[in-house]
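Here is how the chains run, residue by residue.
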Amino acid sequence: MRYHNITKDDMLNGDGLRVVLWVSGCNHCCEECQNPITWDPNGGIPFNQEAKNELFEELGKSYVSGITLSGGDPLHPANRLDIRALVHEIREKFPTKTIWLYTGYEWSALTGHEILNYIDVLVDGRFVQALYDISLRFRGSSNQRIIDVPKTLESGNLTLWQG
């Protein structure tokens, strides 16, 4: 897996103060994407132990609410195995921290994926410029949903995050 940046003390990409991992690779190529530089799965730099240590150092801070995985698309085929392993490790080491994941894939395409067992909130769907709304919290276009993953998995019915 490759990544472009690690953002610290972020309040725009999920609830609370967060660390954000911006991964490389996206096949959606949404019009007016905020991060087209992240589309190339071979772009950025390799995600190595040093980068993981940087993330874990931030997650170890009591005032950091959790991690957000964005990009690019963390669920790009080139990222899925590494992201699954990363969120599993984060869940074990930092059980009280929340894990948010942004993806252009819709929930229905992801059901049955093991990664869902480790994340708290999934923001799904491609960014659609015609549905852009600056008043929306934690998403860019009105077709995107902020899904409470544990409640959805438990009930079997799509449950939106209430924050």
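The notes below deal with the structure included here. These figures come from a predicted structure and were not determined experimentally.

What to know about the overall build of the chain
- Of the regular secondary structure elements, the chain holds four helices and seven strands.
- Written out in order from the N terminus, the α and β elements of the chain read β-β-β-α-β-α-β-α-β-β-α.
- Radius of gyration (C-alpha) of the chain: 15 Å, near the 15 Å computed for a compact globule of 163 residues.
- Each principal axis of the C-alpha distribution contributes one length, and for the chain these read about 40 × 35 × 30 Å.
- Here the chain holds 163 residues, and the buried ones make up 47% of them.
- Long-range pairs, those at least 24 residues apart, make up 58% of the contacts in the chain between residues at least 6 apart in sequence.
- About 8,300 Å² of surface is accessible on the chain, with carbon and sulfur atoms providing 49% of the total.
- Across the chain, 15 positive and 21 negative side-chain charges occur, with their mean positions spaced 3 Å apart.

Focus: the nonpolar core
- Formed by 32 residues in total, the largest nonpolar core has its most connected members in Leu21, Leu55 and Leu69.
- Leaving out residues up to four positions away in the same chain, leucine 21 has contacts with Met1, Tyr3, Asn5, Ile6, Phe47, Leu55, Thr68, Leu69, Ser70 and Leu86.
- Counting seven residues, the second largest nonpolar core, distinct from the first, contains Trp100, Phe138, Ile146 and Trp161.

Rules used throughout
- Residues numbered from 1 in each chain as written.
- Predicted model: local features only at pLDDT ≥ 70, side-chain atom pairs only at ≥ 80, totals over all residues.
- Heavy atoms only, no water.
- Helix = DSSP H or I, 4+ residues; strand = E, 2+ residues; numbered from the N terminus.
- Rg over C-alpha atoms; globule rule 2.2 N^0.38 Å.
- Buried < 20%, exposed > 50% of the residue type's maximum accessible area, 1.4 Å probe, protein only.
- Contact = heavy atoms within 4.5 Å.
- Areas by Shrake-Rupley, 256 points an atom, 1.4 Å probe, with all protein chains shown as cover.
- Lys, Arg positive; Asp, Glu negative; His and termini not counted.
- Charge placed at Lys NZ, Arg CZ, Asp CG, Glu CD.
- Core = buried A, V, L, I, M, F, W, Y, C linked by side-chain atoms within 4.5 Å.

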